[in-house]
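Here is what each chain is made of, one letter per residue.
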Amino acid sequence: MAAQAPPTGHIELAIGGMTCASCAARIEKKLNRMDGVTATVNYATEKATVQFPEGVTADDLIATVVKTGYTAELPKPPRSAESGEPAEPEDELKPLRQRLITALVLSVPVIALAMVPALQFKNWQWMSLVLASPVVVYAGWPFHRAAWTNLRHGAATMDTLVSLGTLAAFGWSLWALFLGNAGTPGMKHGFEFSMTRSDGSSNIYLEAASGVIAFILAGRYFEARSKRRAGAALRTLLELGAKDVAVIRGGAEQRIPIDQLNVGDVFVVRPGEKIATDGVVEEGTSAVDASLLTGESVPVEVGPGDAVVGATVNAGGRLLVRASRVGTDTQLAQMAKLVEDAQTGKAQVQRLADRISGVFVPIVIALAVATLGFWLGTGGGTAAAFTAAVAVLIIACPCALGLATPTALLVGTGRGAQMGILIKGPEVLESTRRVDTVVLDKTGTVTSGRMALVKVVVDSGAETGEEQVLRLAGALEDASEHPIAQAIAKGATERVGELPRVDDFGNIEGLGVQGVVDGHGVLVGRPKLLAEWEQHLTPELELAMTEAAARGETAVAVGWDGRARAVLTVADQIKPTSAEAITQLRALGLRPVLLTGDNEAVARTVADQVGIDEVIAEVMPSDKVDVVKRLQAEGRTVAMVGDGVNDAAALAQADLGLAMGTGTDAAIEASDLTLVRGDLRSAADAIRLSRKTLGTIKGNLFWAFAYNVAALPLAATGLLNPMIAGGAMAFSSVFVVSNSLRLRRFRQLDGNG
């Protein structure tokens, strides 16, 4: 195919056919062997990021990947999928799901017939062959194809072991049925425990061949479903932006799709609408809620000449904005790029089973060849020699190994779901063991992310009480749509009940509000607004304003009937469980770091209240990624907990990303773990559960291989009969499942339930 690409530069390729992290490593190695080419291949996102010199084309890169045994193509444009893109992951999973269903439906009766003598009717073995054949050939095809690819490159993975074992079991069964005695009508599997040498002509292993494929396909499907979510973070980010915009053209307002907006166009943003793209305010004043992107909990006041960012929400008045950046140049698009770069650069953990298989498979093959040579060399007969050699391959077939990871994952993730913890995949678990630093976003993670009334300071000489201040100020603020006003109104309602009616309400842009409540002319806003009405703050109220600013809180003044009466402060509230969560994280050996876009004073106040020593404040989204990278460069393994779009790139960059389920979809998609309840204590539970699940997987893998290894000498000496083979395989599988089920007893820490 002709690829449209510049003669030199940077390109991304969509890679197909990878089954494990070692596949990604193999492609990366081949690409990097090309002169001047630097490539990184990500198994999770199925992308290769390649830098290439002049003289190398995209076709050359694609050809190298194809020669390695995989597919490659230039990725499709991301914007082309308003309707089709969400279905893409589902379509790619469809073949795997079909193979899994086929394997499960057909292998269950095969296993039952082999393991339960009472079910072995006349010619049952031929029925088993009919049922097992589609499982081995069709359902097992991905394993055989991957094994062939591995063989061509001198590598061995889990796929090699599965393919080798199942084909050996199936091939021997065919020989025994057609050329041996196993096809005789009325044949029964002998279930004696005696260890005697035989030529194996009456032994069939169809249940092993079909059962292994069914078990391992189930695990692969579970993993693939998790892996396909990797690209969803980018789609979620891009979907956050406005879909259309009211633009001023020719003196008239017209609504157009967002991709038709040009730099320099003036567009309208009404209260409650998303700002369509990055720009500069031409006319109007308002409060803009930028917490989604910046993490700042307090809305930003904007007016003519101020810059605004696309996807933030206009919480106040009508604005006219001149577009300064559109499309891929906007801050939102740059954040999406940060997420993708972080995901691409994130080291993918190779599956434990693959690492073990890389050693185990060559040993098994060598042992099988040595067994065959020994028996032939000692005159044991061709049939006995092949029986012993094939028995070695059959007993090495990883029935329990196929259950080791998926059963522990299913039980662990199921228990996690009950506790409000969603684990995305097995590669996540290995990261939790090594994590030593946990970076916590402030807004929405340690704090609630919502402004609330925290303090009422009434001037001692004002001859009024706190209740009256809240009634009058709360009623006036209730008529305003400003986020700070709404926080005051809500707080007043909770403390004093129903609020009175407001007459002659007026909004003074950038200063505050005024109106008549219960016959009083009330002012609420900046001290400057009260000063215009000769209502100057007393020293006591000025001190309250100063102290509030020092604590990082937002303070407004209240006055009526000719004098300033009180100061109300609002702030983002710390979640009641955050301090306890920090204690639990420290108990796990983690060092907490508070990371926020808010100012130093706010961050330090929050950190002191929850028990965090290290604070990094006033950072932009790109800076959050840099902070995580810096900590990683210092040799730390970093977990990141966040909830906003501004955290998505850092969550993807971190060794372990934990998203609060109360946060944005972009953050959740970019993370490895999701904490559904939004309770920070769940982060400690998530890490504990992940470590426990990983430990269970490792234990399962050890015992799965231990049973196989223990039986190999019996196979090599020709003493293996169907009962011992089937019994060892069944017992190891039962053990692995039972060990995994122990995860159901995992409990939350005291005080977290």
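Quick caveat: nothing in here was measured; it's all calculated off a predicted structure.

Peer 1: Can you break down the overall build of the chain residue by residue, with the values?
Peer 2: Each helix and strand counted, the chain has 26 helices and 26 strands in total. Buried positions account for 55% of the 753 residues belonging to the chain. For the chain, contacts bridging at least 24 residues in sequence account for 71% of all contacts bridging at least 6. Put simply, the chain shows about 31,100 Å² of open surface, and 57% of that area lies on carbon and sulfur atoms.

Peer 1: Please set out helix α2 (residues 58-67) residue by residue, giving values where relevant.
Peer 2: Side chains of residues three or four places apart in an α-helix project in the same direction, reflecting 3.6 residues per turn. The complete set of buried residues in α2 reads Ala 58, Leu 61, Ile 62, Thr 64 and Val 65. Down the axis of α2, the smallest arc covering the buried residues is 155°, so these residues share one side. Gly 69 sits one or two positions beyond α2 and adopts a positive phi of about 110°.

Peer 1: Before we move on, could you go through a positive patch on the surface and cite the residues and values that matter?
Peer 2: A surface patch of positive charge is lined by Lys 692, Arg 742, Arg 744 and Arg 745. Within the secondary structure, Lys 692 sits in helix α25 (residues 681-716). Relative accessible area serves as the criterion here: at 44%, Lys 692 is assigned to the partly exposed category.

Peer 1: If you had to explain the nonpolar core to someone new, which residues and values would you point to?
Peer 2: Counting residues in each nonpolar core, the largest one holds 53 residues, and the members touching the most others are Ile 204, Leu 206, Ile 213, Leu 217, Val 392 and Ile 394. Looking at this core, the elements that each hand over two or more residues are α3 (88-115), α4 (124-139), α6 (158-178), α7 (206-227), α11 (352-377), α12 (382-395) and α25. Residues Ile 421, Ala 581, Val 615 and Ala 683 belong to the second largest nonpolar core, which totals 44 residues.

Peer 1: Describe helix α5 (residues 141-152), naming the residues involved and giving the relevant values.
Peer 2: Spanning 12 residues, α5 covers 17 Å between terminal C-alpha atoms, matching the ideal 16 Å at 1.5 Å per step. Downstream of α5 by a residue or two, Gly 154 has a phi angle that is positive, lying close to 65°.

Peer 1: An account of the UniProt feature "transmembrane region" (unreviewed entry) in the chain is requested, with residue identities and associated values reported.
Peer 2: Under the feature "transmembrane region" (unreviewed entry), the UniProt entry names residues 100-118, 124-141, 161-184, 204-222, 356-377, 383-411, 700-717 and 723-741. Secondary structure across residues 100-118 comprises 84% helix and 0% strand; the distance between its end C-alpha atoms is 28 Å. For residues 161-184, the helix share is 75%, the strand share is 0%, and the end-to-end C-alpha distance is 31 Å.

Peer 1: Please set out the sheet that holds strand β1 (residues 9-16) residue by residue, giving values where relevant.
Peer 2: Reading across the sheet, the four strands line up as β2-β3-β1-β4 and stay open at both edges, with antiparallel pairing between neighbours. Two strands close off the open sheet at either side, each with one partner strand: β2 (38-42) and β4 (71-73). Each adjacent strand pair in this sheet contributes to an overall mean axis angle of 25°, direction not counted. Note: β1 against β4, three bridges, orientation antiparallel. In the strand pairing of β4, Ile 15 is matched with Ala 72. Where α2 meets the sheet, it contacts β1, β3 (47-52) and β4, and its direction lies at approximately 30° from that of β1.

Peer 1: Quick one: what's the story with the pattern of salt bridges, residue by residue and with numbers?
Peer 2: Going through the model one piece at a time under the given rule, you end up with 24 salt bridges. A salt bridge links Glu 553 to Arg 551; the shortest N-O distance between them is 2.9 Å. In this structure, the salt-bridge partner of Arg 586 is Asp 613, at a minimum N-O distance of 3.4 Å. Pair noted here: Arg 586 is in helix α20 (residues 578-587) and Asp 613 is in the loop between α21 (600-610) and β23 (614-616), with a separation of 27 residues, a long-range link. The partly exposed category is assigned to Arg 586, whose relative accessible area is 37%. Look at Asp 613 and you get exposed, because its relative accessible area is 62%.

Peer 1: Just give me the short version of the sheet that holds strand β6 (residues 252-257), but keep the residues and values in it.
Peer 2: If you walk across this open sheet you meet the six strands as β6-β5-β7-β13-β8-β11, and the pairing is antiparallel. Two strands in the sheet have a free side with no partner beyond their single neighbour: β6 and β11 (307-308). Bridging between strand β7 (residues 266-269) and strand β13 (residues 319-325) involves four bridges; their strand directions are antiparallel. By the bridge assignment for β13, Val 268 is matched with Leu 320.

Peer 1: If you had to explain the packing of aromatic side chains to someone new, which residues and values would you point to?
Peer 2: Overall, the coordinates contain three aromatic pairs when judged by the stated rule. Look at Trp 126 and Phe 178: their rings are 5.2 Å apart centre to centre, the planes differ by 75°, and that puts the pair in the edge-to-face class. Residue Trp 126 is found in helix α4, and its partner Phe 178 is found in helix α6; the two are separated by 52 residues along the sequence. When the ring centre of Tyr 138 is taken as reference, the NZ or CZ atom of Arg 99 above it lies at 4.8 Å.

Peer 1: Just give me the short version of the packing of α20 against α25, but keep the residues and values in it.
Peer 2: At a minimum axis distance of 7 Å, the contact between α20 and α25 shows a crossing angle of 25°. Classified by the interaxial angle, the pair formed by α20 and α25 is roughly parallel. The chirality of how α20 crosses α25 is left-handed. Within the contact between the two elements, α20 uses Glu 580, Ala 581, Gln 584 and Leu 585 and α25 uses Arg 681, Ala 683, Ala 684 and Ile 687.

Peer 1: Give me the lowdown on a nonpolar patch on the surface, citing residues and values where you can.
Peer 2: Taken together, the side chains of Met 115, Val 116 and Leu 119 define a hydrophobic patch exposed on the protein surface, amounting to about 220 Å² of accessible area. Mapped onto the elements of the fold, Val 116 is located in the loop between α3 and α4. Take Val 116: its relative accessible area is 35%, and that puts it in the partly exposed class.

Peer 1: Which residues make up the pairing of strand β25 (residues 656-660), and what values do they have?
Peer 2: Burial of β25 is extensive: five of the five residues sit out of reach of the surface. Across the two faces of β25 the burial is the same, with Leu 656, Leu 658 and Met 660 and Gly 657 and Ala 659 all buried. Relative to β25, strand β24 (residues 638-642) runs parallel, the two being bridged by four bridges. Bridge assignment links Met 640 to a residue of β25, and that residue is Gly 657. In the classification by handedness, the crossover that spans β24, the intervening helix α23 (residues 648-653) and the parallel β25 is right-handed. Summarising the sheet, β25 and strand β26 (residues 673-675) pair through three bridges and their orientation is parallel. From the neighbouring strand, Ala 659 faces β26, where its bridge partner is Thr 674.

Peer 1: How would you summarise the environment of Leu 453 if you had to cite specific residues and measurements?
Peer 2: In this structure, Leu 453 sits in strand β16 (residues 447-458). The spatial distance from the C-alpha of Leu 453 to the C-alpha of Thr 569 is 6.1 Å, given a sequence separation of 116 residues. Contacts of Leu 453, omitting those with residues within four sequence positions, involve Leu 470, Ala 487, Ile 488, Gly 491, Ala 492, Arg 495, Leu 568, Thr 569 and Val 570.

Peer 1: How would you sum up the environment of Gln 120? Please name residues and give values.
Peer 2: With respect to the helices and strands, the residue Gln 120 is situated in the loop between α3 and α4. The class for Gln 120 is buried, based on a relative accessible area of 2%. Here Leu 113 takes part through its backbone oxygen, which lies 3.0 Å from a polar atom of the side chain of Gln 120. Polar side-chain contacts of Gln 120 include one of 3.4 Å to the backbone oxygen of Ala 114.

Rules of the game
- Residues numbered from 1 in each chain as written.
- Predicted model: local features only at pLDDT ≥ 70, side-chain atom pairs only at ≥ 80, totals over all residues.
- Heavy atoms only, no water.
- Helix = DSSP H or I, 4+ residues; strand = E, 2+ residues; numbered from the N terminus.
- Buried < 20%, exposed > 50% of the residue type's maximum accessible area, 1.4 Å probe, protein only.
- Contact = heavy atoms within 4.5 Å.
- Areas by Shrake-Rupley, 256 points an atom, 1.4 Å probe, with all protein chains shown as cover.
- Arc of directions from axis to C-beta.
- Patch = residues over 30% accessible without salt bridge, like charges linked within 9 Å, V, L, I, M, F, W, Y side chains within 5 Å.
- Salt bridge = Lys/Arg side-chain N within 4 Å of Asp/Glu carboxyl O.
- Lys, Arg positive; Asp, Glu negative; His and termini not counted.
- Charge placed at Lys NZ, Arg CZ, Asp CG, Glu CD.
- Core = buried A, V, L, I, M, F, W, Y, C linked by side-chain atoms within 4.5 Å.
- Expected span 1.5 Å × (residues − 1).
- UniProt positions renumbered as here; feature names shortened; annotations may be inferred.
- Pairing = 2+ DSSP bridges.
- Axes fitted to C-alpha atoms, helices over the stretch in contact; angles between N-to-C directions.
- Phe/Tyr/Trp six-rings, centres within 6.5 Å; stacked < 30°, edge-to-face > 60°.
- Lys NZ or Arg CZ within 6 Å of the ring centre and 35° of its normal.
- Parallel < 35°, antiparallel > 145°, perpendicular 65-115°, else oblique.
- Left-handed = near helix turned anticlockwise from the far one by under 90°.
- Right-handed = clockwise from strand over helix to strand, strands pointing away.
- Polar contact = N/O pair within 3.5 Å; in protein donor to acceptor, adjacent residues only side chain to side chain.

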